[in-house]
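Chain by chain, the residues:
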Amino acid sequence: MDNQTEVRKFILLGLTSLQGLQKFLFMLFLLLYLSTLLGNMAIMTVVACEPRLHTPMYFFLFNLSCLDIFYSTVTVPKMLAGLLSGHQGISYTGCLSQLHFFHFLGSSEALLLAVMAYDRYVAICNPLRYTLIMSPWACLLLAAATWTTGFLHALMHTVMTSRLHFCGPNHIQHFFCDIKPVVRLACNSSQLNLNLLSIITGSIAAGTFVFTLFSYLYIFSFLQLKVQSKEGRRKAFSTCISHLTVVALLYVPVIFNYIPPSSGNSPRWDMI
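Keep in mind that this is a model prediction, so the values were computed, not measured.

*Asks:* Looking at this model, I keep getting lost on the overall build of the chain. Mind explaining?
*Replies:* In terms of helices and strands, the chain carries nine helices and three strands. Along the chain, from the amino end to the carboxyl end, the secondary structure elements read β-α-α-β-α-α-α-β-α-α-α-α. Considering only C-alpha atoms, the chain reaches an extent of 65 × 40 × 30 Å along its principal axes. Every one of the 272 residues in the chain was classed for burial, and the buried ones make up 46%. Looking at the chain alone, contacts between residues at least 24 apart form 78% of all its contacts between residues at least 6 apart. In the form shown here, the chain has an accessible surface area of approximately 14200 Å², with 70% of it arising from carbon and sulfur atoms. Once the 16 positive and 9 negative side-chain charges of the chain are each reduced to a mean point, those two points are 7 Å apart.

What follows is the structure, given as structure tokens:
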């Protein structure tokens, strides 16, 4: 790989080159990042310390908070540094590492949200068998499967990107090393990389989204038809709506960014 790659450093062009806007965005994303860290660490601490929360739902919530912390940390600190200093350099190895962990944690989170939807489906629609189906061993296996699948998915993209030949230019139209803006700089054909991105990553995003959506459609129909108590329905709905909000915030941008043919999107649109 070293013998084939002349470019050893990339330049991240960032969100904007306007000085005034850079300072505003720096403060905005710094506050959001600190809120993300503090909020998720608080969730993890409470779940770990409170024995009554040692249930499948909160076990998966603990994993989700852990993923959120790492997921944000992969991109945001580098973006903040770029907003302070203008264009931000990143080494070839650092760029591949960022690309790998971004897709590793992102796909793991998508899969985990589908697992959480299944957990809610079993808890609401099949409560008598809930403790049997969602046993501690089953929860550990499901969590391990999400992290492992996400890692292998990202490893495929990282290996395929490392096989490309970069001979210049080295300016990435993004604030972090995502697959599309990086492979656009390759001197040899990157069509296979883009096809894998649309097919594999798109399938993971769309498949888990559809699974989650149908799980909740079944839950809502079950609540309307089988649960007579208004308080019982309200409690179940409140849990589901908060989860569906997270699902929408993650899946909608991912589906619009990775499923359509890559040639149809501009670098600016991908970044937004």
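*Asks:* What exactly am I supposed to notice about the environment of Ser72 here?
*Replies:* In this structure, Ser72 sits in helix 2 (residues 56-85). Accessibility expressed as a relative area gives 18% for Ser72, which makes it buried. In this structure the C-alpha to C-alpha distance between Ser72 and Ile199, which are 127 residues apart in sequence, comes to 25 Å. Discounting chain neighbours no more than four positions away, the residues touching Ser72 are Tyr33, Thr36 and Pro77.

*Asks:* How should the nonpolar core be read in this particular structure?
*Replies:* By size, the foremost hydrophobic cluster in this structure holds 58 residues, and its most contacted members are Phe10, Phe60, Cys95, Leu113, Phe166, Ile172 and Cys177. Contributions of two or more residues to this core are made by strand 1 (9-12), helix 1 (19-49), helix 2, helix 3 (92-125), helix 5 (136-162), helix 6 (179-183), helix 7 (191-226) and helix 8 (230-258). Tallying contributions element by element places helix 3 first for this core, with 14 residues. Apart from the residues within four sequence positions on either side, Phe60 is in contact with Leu112, Val115, Met116, Asp119, Met134, Cys139, Leu142 and Ala143. Listed in part, the ten residues of the second largest apolar core include Tyr216, Ile219, Leu223 and Cys240.

About the criteria used
Residues numbered from 1 in each chain as written. Predicted model: local features only at pLDDT ≥ 70, side-chain atom pairs only at ≥ 80, totals over all residues. Heavy atoms only, no water. Helix = DSSP H or I, 4+ residues; strand = E, 2+ residues; numbered from the N terminus. Buried < 20%, exposed > 50% of the residue type's maximum accessible area, 1.4 Å probe, protein only. Contact = heavy atoms within 4.5 Å. Areas by Shrake-Rupley, 256 points an atom, 1.4 Å probe, with all protein chains shown as cover. Lys, Arg positive; Asp, Glu negative; His and termini not counted. Charge placed at Lys NZ, Arg CZ, Asp CG, Glu CD. Core = buried A, V, L, I, M, F, W, Y, C linked by side-chain atoms within 4.5 Å.

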